[in-house]
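Chain by chain, the residues run as shown.
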Amino acid sequence: MGAISLSKSNRLFWLGRYTERVFTTLPYMLNNYDRVVDRLPVDYAAFCRKMGVPDHYENDADFVRRYLFDEEDKASVISSMNSAYDNAVVLRDTLSSATLSYIEMAVSALHKAAQSDGPGLQAQWTIDNIMAFRGACDDFIYDENTRNIIKCGTGVERISLYLRLGYREDRVPPEMSRLLNRLYKTKLATNADSLDMMVQAVLQAPGTVSNLELIRCVESLFQV
């Protein structure tokens, strides 16, 4: 397969980021949903600060419902799922119809969850379909560079979220090693300073780079 255009690379990369944003954030937010149901507090101001999004929510219940399902809220989980779908539709010929169908089913399940008083089951269908989408990418996308651009977007988003949320932080070093291995298999342009810092953090001097520096490093690693 020939060279991938910058526009196409950008869509592939953000398809990886948006699907991972939903995959990681959705179960995290469902835990907060359960806390609200159990009348336990949710520190949504701290969450917004960590995520770098505006805190325009009225209370715990308003935050949980809108951050999960408000399509007018650009930070919401459902907005990320819609953005993943928008990119996937444009990439239909690259992904194949079979692969795209899992994104379509993930979107449909999340919209059904938004209409439900107990969204856990439909939300799990969303997660399951994202996992199936990833498997279909490996099965139906034959160009390795294309697959790895999606996976680089996934890796960037996963590491960024884990660091921001203090979530599964034990997984950050192996995820960074995996990302380093993948980036060398793509033709994506990288930021040399960010790459050097990541190599230092993973291979040369683990523990010497702060979480904030790592987030900045990972977020600026690829020039797409």
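Here the structure is a predicted model, which means the values were calculated and not measured.

A.B. asks: Looking at this structure, I do not really get helix H8 (residues 144–165). What am I missing?
C.D. replies: Side chains that are three or four residues apart share a direction in an α-helix, a result of its 3.6 residues per turn. Between its terminal C-alpha atoms H8 stretches 31 Å, which fits the 32 Å expected from 22 residues at 1.5 Å a residue. Of all the 22 residues making up H8, 19 are buried; the element is thus mostly covered by neighbouring parts of the structure. Looking at the residues trailing H8, positive phi occurs at Gly166, about 60°.

A.B. asks: Hey, could you run me through the packing of helix H4 (residues 77–90) against helix H6 (residues 97–114) in this one?
C.D. replies: Two quantities define a packed helix pair, namely the angle between the helix axes and the distance between the axes. One can describe the packing of H4 onto H6 by two numbers: an axis separation of 10 Å at closest approach and a directional angle of 155°. Regarding the angle of H4 to H6, the classification is roughly antiparallel. As H4 packs across H6, the resulting crossing turns out to be left-handed. Where H4 abuts H6, its residues Val77, Ile78, Met81, Asn82, Ala84, Tyr85, Ala88 and Val89 lie against Leu100, Ile103, Glu104, Ala106, Val107, Leu110, His111 and Ala114. Within the contact of H4 with H6, the residues separate by chemical class into 13 nonpolar, 2 polar and 1 charged.

A.B. asks: Before we go on, may I ask you to explain the state of the cysteines in this structure?
C.D. replies: Note on terminology: a disulfide is the covalent bond linking the sulfur atoms of two cysteines. If you walk through the whole model with that rule in mind, you get 0 disulfides. Cys152 forms no disulfide, and the closest cysteine sulfur to it belongs to Cys137, at a distance of 13 Å. Residue classification places Cys152 among the buried residues on the basis of a relative accessible area of 0%.

The rules behind the values
Residue positions are given per chain, counting from 1 as you read along its sequence in written order. Where totals are concerned, whole chains, interfaces and linings use all residues; where local detail is concerned, this predicted model gives features only for residues with pLDDT of at least 70, and gives and counts side-chain atom pairs only at 80 or more. Heavy atoms from the whole structure form the basis of all side-chain values; hydrogens and water molecules are not counted. Per the convention used, a helix needs a DSSP run of H or I reaching at least four residues, while a strand needs a run of E reaching at least two, with both numbered from the N terminus. One less than the number of residues in a helix, times 1.5 Å, gives the span that helix is expected to have. Relative accessibility under 20% of the residue-type maximum defines a buried residue, over 50% an exposed one, and the middle range a partly exposed one, all with a 1.4 Å probe and only protein chains included. Axis lines are fitted through C-alpha atoms, for helices just across the contact stretch, and the angle between N-to-C directions can take any value from 0 to 180 degrees. Throughout, the term roughly parallel applies to angles under 35 degrees, roughly antiparallel to angles over 145, roughly perpendicular to angles from 65 to 115, and oblique to all others. Helix crossings are classified by the rotation of the near helix relative to the far one: an anticlockwise turn of less than a right angle makes the crossing left-handed, while a clockwise turn makes it right-handed. Two residues qualify as a contact provided that any one of their heavy atoms is within 4.5 Å of a heavy atom in the partner residue. The residue classification treats Ala, Val, Leu, Ile, Met, Phe, Trp, Tyr, Cys and Pro as nonpolar and Asp, Glu, Lys and Arg as charged. All others, Gly included, are polar. Disulfide: a pair of cysteine sulfur atoms within 2.5 Å of each other.

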